[in-house]
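# Structural overview
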Amino acid sequence: MHDGFMNDAFVCLLCKNRRSRWRKYEAELQRCHPEALPVEFGDYHPLKPIMVTDTKTRRGTRKGSTSSSSSSSSSAPADPLSSMLDGTDPLSMFAAASSGETSALSHDGSGGDLGRKKRVKEEEPIGADFEPWSTKRGEILARFTTTEKLSINLFMGSDRGKAPNPGTSAVSEKVRTRLEELDDLEEGSQRELLNLSQQDYANRIEELNQSLKEAWSSDQKVKALKIVIQCSKLLSDTSVIQFYPSKFVLITDILDTFGRLVYDRIWTMCSDPRTLPDSFTAEDVNDTAKETCLNWFFKIASIRELLPRLYVEAAILKCSRFLSKSGIQETLPRLTAMIRGIGDPLVAAYARAYLCRVGMEVAPQLKESLNANFFDLLATFRQVSGDSVQRQLHVQRVEAPEYLTLYSPAINWILQCIAYRAPEQLLTEMMERCKMMANNALLLNSIMRAFRPEFAATRATDFIGMIKDCDESGFPKHLLYGSLGRSLACADPPESERLTILNEAWKVITKVRNAQDYMNCAEIWVEFTCRHFTKREVNTVLADIIKHMTPDRAFEDAYPQLQSVIRKILAYFHDFSVLFSMERFLPFLDMFQKDSVRVEVCKSIMEVFIKHQLEVTRDPVILNAMLHICKTMHDSVNALTLEDEKRSLALLIIGFIRMVSFGRDFEQQLSFCVEARATFCNLEPVLVQLIHTVNQLAMETRRVVKGNHSRKTAAFVRACAAYCFITIPSLSSIFSRLHLYLLSGQVALANQCLSQADAFLKAAVSILPEVPRSISVEGKLRSSETFLLDFINNFLATLLVVPDHPEHGVLYLVRGLLNMVQEYTWEDNSDAKVRVYISALPLLAAMSQETYLYSIPKVDSNETLYGGDPKFLSEINKLCETLIGQILDHLKTLTRDESVRRQSALAFSLFGVLLAHGDLRNNKLSQLSVNLWNLSHKHGHCETRVSVRTLESIKHQAQQPDMAHLADAIQRLALQSRT
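Residues numbered from 1 in each chain as written. Predicted model: local features only at pLDDT ≥ 70, side-chain atom pairs only at ≥ 80, totals over all residues. Heavy atoms only, no water.

## Topic: the overall build of the chain
As a reminder, the rule being used: Segments assigned H or I by DSSP are reported as helices when at least four residues long, segments assigned E as strands when at least two residues long, and all are numbered from the N terminus. Each residue's exposure class comes from its accessible area (1.4 Å probe, protein chains only) as a fraction of the maximum for that residue type: buried when under 20%, exposed when over 50%, partly exposed otherwise. The contact criterion used is simple: two residues touch if any of their non-hydrogen atoms lie within 4.5 Å. With residues, only the protein chains shown are counted as cover, and all accessible areas are computed by Shrake-Rupley using a 1.4 Å probe.
Broken down by element type, the chain carries 45 helices and 4 strands. In the chain, which comprises 979 residues, the proportion classed as buried is 48%. Relative to all contacts within the chain whose residues are 6 or more apart in sequence, the contacts with residues 24 or more apart total 74%. For the chain, the accessible surface area stands at approximately 49,900 Å², while carbon and sulfur atoms represent 51% of it.

See below:
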C-alpha cells in the first residue's frame with residue numbers, strides 16, 4: 001500500500017472532493033443484456049447417445065469361448081456417468097459376478113439359506129393376495145389374554161451317566177447312548193413352573209426357543225428334539241382355556257424354528273460336493289442326507305404321545321421331499337387322519353390349523369388334505385356342545401359365546417386356506433353344508449371372515465337369512481353382522497339390496513345392550529353406510545351411536561372406535577358444507593371429552609379439509625364449524641406443549657385461514673382476521689399468517705382501485721395498517737417483528753399511507769438494539785449477524801423510495817438506522833458494522849441521482865421533493881464523507897497477521913462500490929480506488945479468479961463513450977502474486 005494512503009488529511013481531501021457519477025439506468029440495462037453467441041457442440045454431450053457395453057459373466061462356458069457378451073445401443077440416451085465407467089455399471093458388474101459365483105458356492109450357513117429363499121420364491125404358487133400367518137400372529141396374542149396364573153410342565157432329561165463297557169465298540173456305544181437319551185424323553189425328571197403371569201409365560205417360551213437354537217448350534221440334536229417334544233405336550237393343556245390361542249401361537253413358533261433347522265441341516269448335507277438344482281427330486285439327494293432325514297422321521301415316530309408326535313412330524317414335513325417325490329402327498333392324509341384321535345375339540349381344531357398352515361407352505365397345490373381337515377371339523381363339531389366341554393367350561397367359569405370365539409383363529413385360517421383361489425362351486429358347497437349344521441353360527445362367522453369379500457357381497461341376502469336362523473345363545477348375532485359388514489366394506493352388494501341389508505343389520509345392532517359390543521359392530525357398518533348412502537342415512541347412524549354411547553358416559557371407553565367412525569366419514573365426505581350440515585356431526589364430536597383424543601380428532605378433520613378443500617370458501621356453516629375445531633386445537637396449547645406440536649397445530653390452522661375468502665367483501669375479510677387474532681393469540685405462526693393476510697388484503701384493494709384510492713378505500717387500507725401495527729409487537733421473535741415491520745411499511749407506502757409507512761420503519765429501527773448476538777436455528781445457537789445484515793440491506797433498498805418527513809430533517813431514517821448500527825453491540829472482531837457502512841454508500845449514491853432507479857406510483861420520493869437541490873446533495877456528500885472515514889479508520893486497525901484477510905475483503909468491497917458508483921474522473925477518488933485495489937491484493941488473499949473477472953469488466957466498461965477515463969485506471973490496477 002502507498003505511504004500516503006493512511007494520511008488523515010489526504011482522506012479528508014478525497015472525501016471532500018468525492019461525488020457520485022451520474023447514472024443512466026436504462027442505457028446501462030441495455031448494455032448488460034448478454035450477447036447471443038454461437039454454441040459449438042463437441043463430440044461429448046451428457047444427453048448424446050453413447051455406446052454401452054453390457055458384461056455378463058456366465059458359468060460353464062466351453063473352453064476357448066468368451067465369458068462375456070457385448071451389446072451396443074445408440075438409440076436411447078444413456079446415463080452420462082456411464083462414460084466415466086468405460087461403459088459398464090459397477091453394480092451390474094457386481095451382480096453379474098455374484099450370479100456366476102452363486103452356483104459355485106456350497107450351501108452352508110447363510111449361503112444355503114439364500115439359495116432356499118430364492119428357490120421358494122420361484123416355486124411358490126401363493127401370491128401376494130394370500131394373507132400370511134405372520135399378520136395374524138400379533139392380533140391373536142393381543143386378543144386372547146388372561147389374568148389367570150399359568151404353569152409349564154417340562155420333563156427334562158435325567159442326565160444320568162453310565163460307565164461304558166470296555167468290550168463294546170465305539171459305534172455300539174454311540175447307539176446305546178442315543179437310545180438312553182430317547183428314553184429320557186419320557187422318563188426324565190419333571191420340572192414344573194407355577195404361578196406364571198401371561199408375560200412370564202411368553203418369556204419362558206422364548207427362553208425355550210433360544211435354548212433350542214443354542215442346543216442345535218452346539219450339536220446337541222437330541223436335546224433340541226427333547227425341547228420341541230416337551231413344548232408340543234403343552235398344547236394338550238387347556239387348564240386356562242382363554243389363553244389357548246395365544247399359547248398355540250407361541251409354541252408353534254418353536255416348532256417352526258425346529259423345522260427350519262432340520263431342513264437346513266439336510267440341505268447342507270446335500271450340497272456336498274455339488275449343489276442341488278432349484279427343482280430337485282429325491283434322486284438328486286445323496287445317501288448320507290437321505291439316511292439323516294430318515295433317521296429324523298424314525299426318532300419322531302418313536303414318540304409315544306399322539307399330540308407331540310403329530311406336531312413334530314408336521315414341523316419337519318417339508319423334509320419328506322428329500323426321501324420321495326410323493327412323500328408330502330402321502331404324509332398329509334395320514335396326519336389328517338391322526339388328528340381324529342384327539343379328544344378335545346379345541347385342541348383338535350388348532351392341530352388341524354397347524355397342519356393346514358404347514359401344508360400351504362410346502363404343498364399349496366394339494367387342496368384335498370385342506371378340504372378333508374375342514375370336513376372332519378364339521379363332522380366333530382357337535383362335540384363343542386358335548387357334556388365334557390360343558391363341564392370344563394363350568395369349572396373354568398367360561399361362557400359358551402366366549403368359548404366359541406376361541407375357535408375363530410383356527411377355523412378362520414383353515415377356511416382361508418381352502419378359499420384361496422378356490423372355485424365358486426366349492427365355496428358354495430361349503431356354505432350349503434354349514435347351513436345344514438346345527439348351532440352353525442361359529443362356522444358361518446368364519447366363512448364370512450375367510451371367504452372372498454365378493455363372494456359374501458353377492459350373497460349378502462342369503463347370509464342375512466342364515467344369520468336370522470342362528471341360535472342367539474350360542475354365538476351373538478351382532479358378531480355375525482360385524483363379519484358381514486367387514487366383507488361389505490370391501491365389496492359392493494347389488495344396488496337393489498343395499499337398503500334392505502342396512503335395515504336388517506341395524507335392527508340387530510341397535511338392540512345390542514352392551515355399549516362396547518354395540519360400538520364394535522356399529523363402527524364396521526358406518527363405512528358401508530358412508531359408501532353407499534347420503535348424509536341422511538349417515539346422520540341417522542350418528543344419532544343412534546350418540547343415543548347408545550351417552551348414557552353412563554360409555555363413550556369414554558370407546559374412543560378408538562369413535563375415532564375410527566370419524567375417519568371413515570371423512571374418507572367418503574369431502575364436501576364440508578354437506579358434512580357440517582349433518583345435525584349430529586358436531587354433537588358426535590362433543591363425545592370426545594378427553595383433551596388428547598379431542599385434539600387428535602380435530603387434527604384429522606383439519607388434515608382432510610386442507611387436502612380436499614380445493615377452493616376458497618365463505619360458507620358460514622363451514623367457517624363456524626372450522627373455527628370451533630381450530631379453537632379446540634389452539635386451546636390445547638399450554639406451557640408443557642412441545643414446539644413440534646405447536647408447529648403442527650399452527651400449520652393446520654394456517655391452512656384453514658388461507659382457504660377463507662369473502663371475495664370483494666374486504667371489510668368482512670378484515671373482520672374475520674380480527675376475530676381470528678383474538679382466537680389464536682397463543683400460536684405465533686398463526687399471527688404471522690394473519691398479518692400477511694391483511695397486508696395481502698391491502699394490496700388487493702390497491703389492485704382493485706388501480707392505485708386511485710377513494711376516501712373509503714384509503715380509510716380501509718389505513719385500517720389494515722393499524723391491524724398490522726397493533727399485532728406485530730405481540731410476536732416474540734425479534735426477526736419476525738423486523739421483517740413484518742418492513743413488509744407492512746412497504747405495503748403502506750404502496751398504498752400512499754405515508755405516515756403509517758413512516759411509523760412502521762421507525763418502529764423497525766427502534767427495535768434493532770434488541771436483536772441478540774445469537775439466535776436458535778433448528779435447535780442450534782447461531783450468530784445473528786448474517787440475518788441482521790440481510791435485513792439491513794433490504795431496509796436500505798426500501799429507503800430509496802421513502803420521502804423524508806417534513807418535520808424530521810433530511811435523511812432522518814438513514815441517519816437513524818446508521819446511528820443504531822453505530823450503537824449496536826457487535827461481536828468481537830466483527831466487520832459487520834463496516835459492511836453496513838459499505839452497503840449504505842450505494843444507497844446514498846442512488847439518492848443523488850436526478851431520476852431514481854425505481855419509484856412507487858403516486859408517491860413522491862426525495863427526487864421530487866428536493867429536485868437535485870444542492871443542499872440535499874451536500875448532506876449526502878457529508879454522510880458519505882463520514883462513512884468512508886469510518887471505513888478507512890477500520891481498515892487501519894486490521895494490520896495484524898490474523899486480520900489481513902478481513903482487511904483484504906473489506907478493501908475489495910469498498911473498491912467495488914467506488915468503481916460502480918463513484919465518479920473516477922476525479923483524480924483523488926481514482927487514486928483512492930487504486931490504493932484500495934492494491935491493499936486488497938497486498939497479502940495475496942484476494943481470489944485471482946475474481947480479480948481477473950473484475951479487470952475484464954472494467955475493460956469492457958472503458959469501451960463505452962462516457963467511461964473512457966477507466967482506461968487510465970486499468971493501467972494502474974495490477975495483479976500481484978501470492979507470497
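Text resumes after the structure shown.
## A few points about the packing of helix H29 (residues 595-612) against helix H31 (residues 643-658)
Where we set the bar: Note on definitions: angles span 0 to 180 degrees between N-to-C directions of axes, and those axes are lines fitted to C-alpha atoms, for helices only across the stretch in contact. Small angles under 35 degrees read as roughly parallel and large ones over 145 as roughly antiparallel, with 65 to 115 read as roughly perpendicular and the rest as oblique. Helix crossings are classified by the rotation of the near helix relative to the far one: an anticlockwise turn of less than a right angle makes the crossing left-handed, while a clockwise turn makes it right-handed.
In the contact formed by H29 and H31, the axes pass within 9 Å of each other and the chain directions differ by 45°. When the axes of H29 and H31 are compared, the pair comes out oblique. For the crossing formed where H29 meets H31, the hand is left-handed. Within the contact between the two elements, H29 uses Val599, Lys603, Met606, Glu607, Phe609 and Ile610 and H31 uses Glu645, Ser648, Leu649, Leu651, Leu652, Gly655 and Phe656.

## Some details on the pattern of salt bridges
The test is simple: By definition here, a salt bridge exists when the distance from a side-chain nitrogen of Lys or Arg to a carboxyl oxygen of Asp or Glu is within 4 Å.
Throughout the structure, instances matching the rule amount to 30 salt bridges. With a shortest N-O distance of 2.5 Å, Arg703 and Glu700 are connected by a salt bridge. Here the residue Arg703 and the residue Glu700 both occupy positions in helix H33 (residues 684-705), the gap between them amounting to 3 residues, near one helical turn. Salt bridges sharing partners connect three or more residues here, namely Asp256, Arg357 and Glu361.

## Digging into unusual backbone geometry
Comment: phi is negative for the bulk of residues other than glycine, and the bulk of peptide bonds are trans. With phi around 55°, Leu811 is a residue other than glycine that occupies positive phi space. The phi torsion at Asn829 lies on the positive side, around 55°, for a residue other than glycine. Checked against the element boundaries, Asn829 lands in the loop between helix H38 (812-823) and helix H39 (832-847).

## Quick word on the nonpolar core
Definition in use: In plain words, nonpolar cores are sets of buried Ala, Val, Leu, Ile, Met, Phe, Trp, Tyr and Cys residues tied together by side-chain atoms within 4.5 Å.
Counting 308 residues, the largest nonpolar core has Phe322, Tyr403, Trp525, Ile545 and Phe656 as the members making the most contacts within it. Per-element accounting of this core gives the leading share, 15 residues, to helix H9 (residues 244-270). Filtering out sequence-adjacent residues up to four positions away, Phe322 remains in contact with Tyr263, Ile266, Trp267, Cys270, Leu276, Phe280, Ala282, Val285, Lys290 and Cys293.

## Things to note about the side chain of Thr331
Along the chain, Thr331 turns up in helix H12 (residues 327-339). In contact with Thr331, not counting residues within four places along its chain, are Glu313, Leu317 and Ser320.

## Examining the environment of Ile657
Mapping Ile657 onto the fold places it in helix H31. Each C-alpha atom of the pair Ile657 and Cys673 lies 8.6 Å from the other, and the pair is 16 residues apart in sequence. Beyond its immediate stretch of four places on either side in the chain, Ile657 contacts Val686, Gln689, Leu690 and Thr693.

## Section: the packing of aromatic side chains
What counts, and what does not: For Phe, Tyr and Trp, where Trp contributes only its six-membered ring, two rings pair if their centres lie within 6.5 Å, and the inter-plane angle classes them as stacked under 30 degrees, edge-to-face over 60, or tilted in between.
Inspection of every chain in the model, using the stated rule, returns 39 aromatic pairs. Aromatic pair Tyr263 and Phe322: ring centres 5.0 Å apart, planes at 40°, arrangement tilted. Taken together, the residues span a long stretch of sequence, with Tyr263 in helix H9 and Phe322 in the loop between helix H11 (306-315) and H12 at a distance of 59 residues. Phe322 shares its class with Tyr263; the two are buried. Between Phe791 and Phe795, the ring centres sit 5.8 Å apart and the planes meet at 45°, which makes this aromatic pair tilted. Of the two residues, Phe791 and Phe795 both sit in helix H37 (residues 785-799), 4 residues apart, roughly one turn of that helix. For the pair Phe791 and Phe795, one class covers both residues: buried. Among the aromatic residues, ring-to-ring pairing joins Phe130, Trp133, Tyr244, Phe248, Tyr311, Tyr350, Tyr354, Trp413 and Tyr420 into one connected group.

## Regarding the pairing of strand E3 (residues 774-777)
To keep it simple, the criterion reads: By definition, two strands form a pair when at least two bridges between them are found by DSSP.
Relative to strand E4 (residues 780-783), E3 runs antiparallel, the two being bridged by 4 bridges. Considered in E4, the bridge of Ile775 is made with Arg782.

## So, the environment of Gly912
Within the secondary structure, Gly912 is located in helix H42 (residues 900-917). Considering only alpha carbons, one finds Gly912 and Trp933, 21 residues apart in sequence, at a separation of 9.1 Å.

## Side note on the packing of helix H36 (residues 754-766) against H37
Stated precisely, the cut-off is as follows: By the convention adopted, Pro, Cys, Tyr, Trp, Phe, Met, Ile, Leu, Val and Ala count as nonpolar, Lys, Arg, Asp and Glu as charged, and the other residues, Gly among them, as polar.
Two numbers describe how H36 lies on H37: the axes approach to 12 Å, and their chain directions differ by 150°. In terms of axis orientation, H36 runs roughly antiparallel to H37. Here H36 and H37 pass one another in a crossing that is left-handed. Listed contacts from H37 to Leu761, Ala764 and Val765 of H36 are Phe791, Phe795 and Leu799. Residue classes in the contact of H36 with H37 are distributed as 6 nonpolar, no polar and no charged.

## Observations concerning the confidence of the model for the chain
So the rule is basically this: Confidence of the predictor in every single residue is expressed as pLDDT, which spans 0 to 100.
Put simply, the chain has an average pLDDT of 82, and 83% of its residues get 70 or more. Low pLDDT, under 50, characterises residues 50-88; the stretch is placed with 46 contacts to residues that sit more than four places away or in other chains.

## Quick look at helix H18 (residues 424-435)
Applicable threshold: How far a helix is expected to stretch is found by multiplying one less than its residue total by 1.5 Å. To obtain the arc, one takes the directions from the helix axis to the C-beta atoms.
Between its first and last C-alpha, H18 extends 17 Å over 12 residues, near the 16 Å set by a 1.5 Å rise per residue. Residues of H18 that are buried include every one of Leu426, Leu427, Met430, Met431 and Cys434, and no others. Projected down its long axis, H18 carries its buried residues within an arc of 135°, all on one side. If you follow the buried residues of H18, they end up packed against helix H14 (367-379), helix H17 (408-419), helix H19 (441-450), helix H20 (453-458) and helix H21 (460-469).

## What about the environment of Phe144?
Positionally, Phe144 belongs in the loop between helix H5 (133-143) and strand E1 (150-156). By relative accessible area, which is 5% here, Phe144 ends up buried. Those residues in contact with Phe144, other than ones at most four positions away along the chain, are Gln242, Phe243, Pro245, Ser246, Thr405, Leu406 and Pro409.

## Topic: the side chain of Ser487
Position of Ser487 relative to the elements: it lies in helix H22 (residues 477-488). With sequence-adjacent residues up to four places away left out, Ser487 is seen in contact with Met448, Pro453 and Ala456.

## Regarding helix H8 (residues 221-233)
Helix length check: H8 (13 residues) gives 19 Å between terminal C-alpha atoms against 18 Å at 1.5 Å per residue, within 8%. Burial runs high along H8: 12 of the 13 residues are buried. Taken together, the buried positions of H8 are Lys221, Val222, Ala224, Leu225, Lys226, Ile227, Val228, Ile229, Gln230, Cys231, Ser232 and Lys233.

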